[in-house]
Amino acid sequence: MNFSSAGKNLTLLSSRNYTSATAFDLTLNLLHCIKLSITQKSLKLAQKTHARILILGLEQNPFLASKLISAYSAFGSQTDSQLVFDLFKIKNVYLWNTLINGYVKNGEYSEAFEQFKEMCNGHLFPDDYTLATMAKASGEMGDLFPGKLVHGRSIRVGFVSDIVVSNSLMSMYSKCLNFGDCRKLFDEMPQRNVGSWSVLLAGYMGCGKQIIDKEVLEIIKCMLIDGVKPDGFTVSSILPLCGVDSRKWPDYGRELHCYIVRSGLDFELGSDVHLGCCLIDMYSKSNRIVEGRRVFDQMKSTNVYTWTAIINGYAKNGASDEALNLFAKMQVKDGIEPNRVSLLSVLPTCNSHGSLMVGKQIHGFAIRKLLNRDVSLCNALIDTYSKCGSLDLARRVFDDESFCKDAISWSSMISGYGLHGRGKDAVSLYDKMVLQGVRPDTITIVGLLSACGRSGLINEGLNIYSSVVNRYGIKPTVEICACVVDMLGRSGQLDEALDFIKQMPMQPGPSIWGALVTASVIYGNPKMQNLAYKFLIELEPENSSNFISLSNLYASSKEWDAVAEVRKEMKERGLKKEPGCSWISINSTTHSFYVADKAHPCSHSVYEMLNNLIYVMKGANHPLDFEIPT
C-alpha cells in the first residue's frame, strides 16, 4: 500500500459508505494505514488515521490501539501514546507492554518504571516480554537496584526459567558491572541458547578485558561442547578482544574471520552490517587496515556505519589522505550522509594535516544538519581548530551557548591555549571554570600545567599542582608529574626537577625522563642528560631515537669508544633510525617529504630553492655546505 491508496481508503472510510464492509475489513485497512505511516515515517498520516478511528468509534479496538501506541512511540511522541492508552477502558498485558516498550525505546526509563509499577498495582501479572523489557531498561540506566527488583518479580511470577528473561537479566547485570551475578544466573539456567552464551561473553567485555584469555577460551570451549554453534552476535562479541598485535598474541581475529566464512556468516555482511563493522574495527586496531579494507570492499551492501568504520580505521592508522578520500566517496559515490560519529572519525585527520579548510567544511556541514549542538562534536571542533592554528575559531565554538559544555570542553580550550603558548589565557579560563563549579580532571590539569610550562609561568603552575592535589584530591599521574618536571626543567631548575622525580609516588616513565632530557639539552648539562638517557633506554629498549641521541651526546664530548658501544648495541638489537617526515597541503593535495627524499616529482626544484634559502640565511659570502642528493 502506498500513500495514494492509503488516502483513498481514508476518504472511503470518512464518507461512511461502508455498509458492505465488515468490521474486520475496516480494522485491516486502518492497520495498513498505521503500518504505512511508520514505514514512511509520516506522523501526519498516523494522526489522520487516528482521527478516522475516533470518527468510526473504533478507539476501543485493542489491535488498533496497540498499533497506534507503537506508531506514536516510533515518532517520539509519548504524550500521544499515553493519550491513546488512557482512553482505552479495559487494558490487557499486551497494551501495557506496547506502552512501556515505547518509553524504553525513547530513553524515558523512569516513566517506563512508573508504568510498570502501575501495571503491577492493577493486579495484572507481567509476562516474559514485560520483564525482559524492564531488565533492558535497568541495564540501559546502569542502575542495579531496579534491575534486582525486576529479577525478584521474575522469580515470584515464575518467569526466571524463561530463556529470554534470563538473557535480559544477565545483560542487565553485565551493563551494571556486576559480572558475578551475571555468571551465577547463567550457571543456574536450566536451558541455554546461543544468546545466553553471547551475553556471557559480552559480560566479559564489560569487565575491561583487552585480549582473549584463558577464561574466554574456556567459555568458548564449553559452548562448543554444549552443542551450541556461535552465531554472528557471538562472534561480534569476541572480535573486539582480538584487536591486538598479532606478533605478540595469537591471531584469534584471523581465525574468527575464517570461522565466519566457513560457517556462512559472511552472508550476513549483506544484510546485517554489524559483523562487518566489527571485522573492520578488529583489523584496524591491529594495524592491518589493508585487510580491513578488503572486508569493506567485499561487503554486498554498505551504510553509514560501515563507511564510518573504515574511515575511522584509516584515521587511526595515520592514513589521513585515504580517510578524507573515503569521506568524500561516501557522500558522492553512495550518496550516504555522514552522521555524528562519521564527523568525529574524520576530524582528527584535519589535526594531522593542519587542514583548516576541511575542518571548516565539516563544521559547516554540522551546522546545516543541526549537529553543532552535540557536545562531543563541539569538543572535537575546538581541538581541531586549536591544532590547525585558529584559536579564535576554537574560542568561538567554545563560547557558543547552543551546546552544554562539559569538563572536556574546558580542557580542550585550555589545552589549545597551552599549545600556542598563551599560558595566562589558559590560567584565566581555568579560574573561570572553577568558579562555575566545574570540577577539573586529570586531562584539564595536564593541559593547564603544559600551558604554564610553555609560557614560563612556573610559580602559577606549581601552585595549581599543589591546589589540585590538596583541594580536589586528584592523585598525581605520570602525565601530571611529567608536566611539573618539564616546568622546572624549562626554568633551568634541573636539580629541583630531579628531586621531584625521586619523590614521585610512582615509578617515572619515559615521558618523565624525556622531559628531563629536553631541559638538560637546553641548559647544556651533559651529566644530567646522560643519566636521563640511560633510564630512557632501560624503559624503551626498542626506541632507536634514544640510542641515536645518546650516541650524539657521546660524540659531542668526543667519547668515541662510548659512541662505538652504543652503535654496536643498536646493531645487535636490529634498531634503525626512522627518517623524519614533514608535509604541506597545496590545492587540497598533501605533499610529504623525508630526509634526503628524491621521490617527489619536483624534488630537484625543491632542493634548488632550499639551497638558495640557506645561501640567503647564512649570507652571500658564506660557502654552501648543502648538496642536492644524488
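Residue indices follow the written sequence of each chain, beginning from 1 at its first position. Only residues with pLDDT of at least 70 get local features here, since the model is predicted, and only at 80 or more are side-chain atom pairs given and counted; chain-wide, interface and lining totals rely on the full set of residues. The side-chain numbers reported here are obtained from all heavy atoms of the structure, hydrogens and water having been left aside.

Sorry, what's going on with the overall build of the protein chain here?
The helix count covers DSSP runs of H or I at least four residues long, the strand count covers runs of E at least two residues long, and both are numbered beginning at the N terminus. On a plain count of helices and strands, the protein chain comes out with 34 helices and 2 strands. Categorising residues by exposure relies on relative accessible area from a 1.4 Å probe, with only protein chains included: less than 20% of the type maximum marks a residue as buried, more than 50% marks it as exposed, and the intermediate range marks it as partly exposed. Considering the protein chain as a whole, with its 630 residues, one finds that 44% of them fall into the buried category. Pairs at least 24 residues apart make up 57% of the contacts formed inside the protein chain by residues separated by at least 6 positions. It only takes one pair of heavy atoms within 4.5 Å for two residues to be counted as in contact.

What exactly am I supposed to notice about the confidence of the model for the protein chain here?
pLDDT is a residue-level measure of predictor confidence that goes from 0 to 100. Averaged over all residues, the pLDDT of the protein chain equals 80, while 82% of them reach at least 70. pLDDT under 50 marks residues 12–21. Its contacts with residues more than four places away, or in other chains, come to 10 contacts. Under a pLDDT of 50 for its full length, residues 623–628 has, in the predicted model, 10 contacts with residues more than four places off or in other chains.

How should the packing of helix H8 (residues 128–141) against helix H10 (residues 163–175) be read in this particular structure?
Any two packed helices are characterised by the angle at which their axes cross and by the distance between the axes. Only the stretch in contact is used when a helix axis is fitted, and all axes are lines through C-alpha atoms; the angle between N-to-C directions ranges over 0 to 180 degrees. In contact at an axis separation of 8 Å, H8 and H10 are set at 10° when each is read in the N-to-C sense. The pairing of H8 with H10 is recorded here as roughly parallel in orientation. Here Asp128, Leu131, Ala132, Ala135, Ser138, Gly139 and Glu140 of H8 come into contact with H10, specifically with Val164, Val165, Ser168, Leu169, Met172 and Lys175. Any residue that is not Ala, Val, Leu, Ile, Met, Phe, Trp, Tyr, Cys, Pro, Asp, Glu, Lys or Arg is counted as polar, Gly included; the first ten are nonpolar and the last four charged. Its residues assigned to classes, the contact of H8 with H10 comprises 7 nonpolar, 3 polar and 3 charged. In these notes the angle categories are as follows: under 35 degrees is roughly parallel, over 145 is roughly antiparallel, 65 to 115 is roughly perpendicular, and the rest is oblique.

Please clarify how the nonpolar core should be interpreted in this entry.
In summary, soluble globular proteins display a tendency toward joint burial of nonpolar side chains. Counting residues in each nonpolar core, the largest one holds 158 residues, and the members touching the most others are Tyr430, Leu449 and Leu516. Leaving out residues up to four positions away in the same chain, Tyr430 has contacts with Ile414, Pro440, Thr444, Ile445, Leu448, Val468 and Tyr472. We call a set of buried Ala, Val, Leu, Ile, Met, Phe, Trp, Tyr and Cys residues a nonpolar core when their side-chain atoms join them within 4.5 Å.

Which parts of the structure should I look at to understand the UniProt feature "repeat: PPR" (unreviewed entry) in the protein chain?
UniProt positions are given in the numbering used here, feature names are shortened, and annotations may be inferred rather than shown by experiment. Here, UniProt's "repeat: PPR" (unreviewed entry) annotation points to residues 92–126, 162–196, 303–338 and 406–440. Taken end to end, residues 303–338 is 72% helix and 0% strand, and its two terminal C-alpha atoms sit 10 Å from one another. Annotated as 74% helix and 0% strand, the span residues 406–440 places its first and last C-alpha atoms 10 Å apart.

Explain the packing of aromatic side chains to me, please; I cannot follow it from the model alone.
Here a ring pair, both rings aromatic, is described through the centre-centre distance and the interplanar angle of the planes. Centres within 6.5 Å are what make two rings of Phe, Tyr or Trp a pair, Trp counting through its six-membered ring; a difference in plane orientation under 30 degrees is then read as stacked, over 60 as edge-to-face, and the rest as tilted. Summed over all chains, the structure comprises 5 aromatic pairs. Ring centres 4.7 Å apart and planes at 70° place the aromatic pair Phe85 and Trp96 in the edge-to-face group. A residue pair is termed long-range when its members are at least 10 positions apart, and Phe85 in helix H5 (residues 78–87) and Trp96 in helix H6 (residues 93–105) qualify at 11 residues. Neither Phe85 nor Trp96 differs from the other in exposure class; each is buried.

Is there a simple way to explain unusual backbone geometry in this structure?
Working note: non-glycine residues mostly have negative phi, and peptide bonds are mostly trans. Even without glycine at this site, Lys41 takes up a positive phi of about 55°. Residue placement: Lys41 occurs in the loop between helix H2 (23–39) and helix H3 (43–55). For Lys41, a relative accessible area of 72% puts it in the exposed group.

Mind showing me how you'd approach the environment of Asn97 here?
Assignment of secondary structure puts Asn97 in helix H6. For the pair formed by Asn97 and Thr130, sequence separation is 33 residues and the distance between their alpha carbons is 5.7 Å. Here Asn97 is in contact with Met119, Asp127, Tyr129 and Thr130, once residues within four sequence places are set aside.

Mind showing me how you'd approach the pattern of salt bridges here?
Two side chains bearing opposite charge may form a pair once their charged atoms approach each other closely. Counted as salt bridges are all cases of a side-chain nitrogen of Lys or Arg within 4 Å of a carboxyl oxygen of Asp or Glu. In total, this model carries 12 salt bridges according to the counting rule given. Residue Arg340 pairs with Asp374 through a salt bridge whose shortest N-O separation is 3.6 Å. One end of the pair, Arg340, is in helix H20 (residues 340–353); the other, Asp374, is in the loop between helix H21 (356–368) and helix H22 (375–387), and 34 residues separate them in sequence. For Asp374, a relative accessible area of 22% gives the class partly exposed. Here Lys387 ties to Asp383 by a salt bridge, and the two come within 3.4 Å at their closest N and O atoms.

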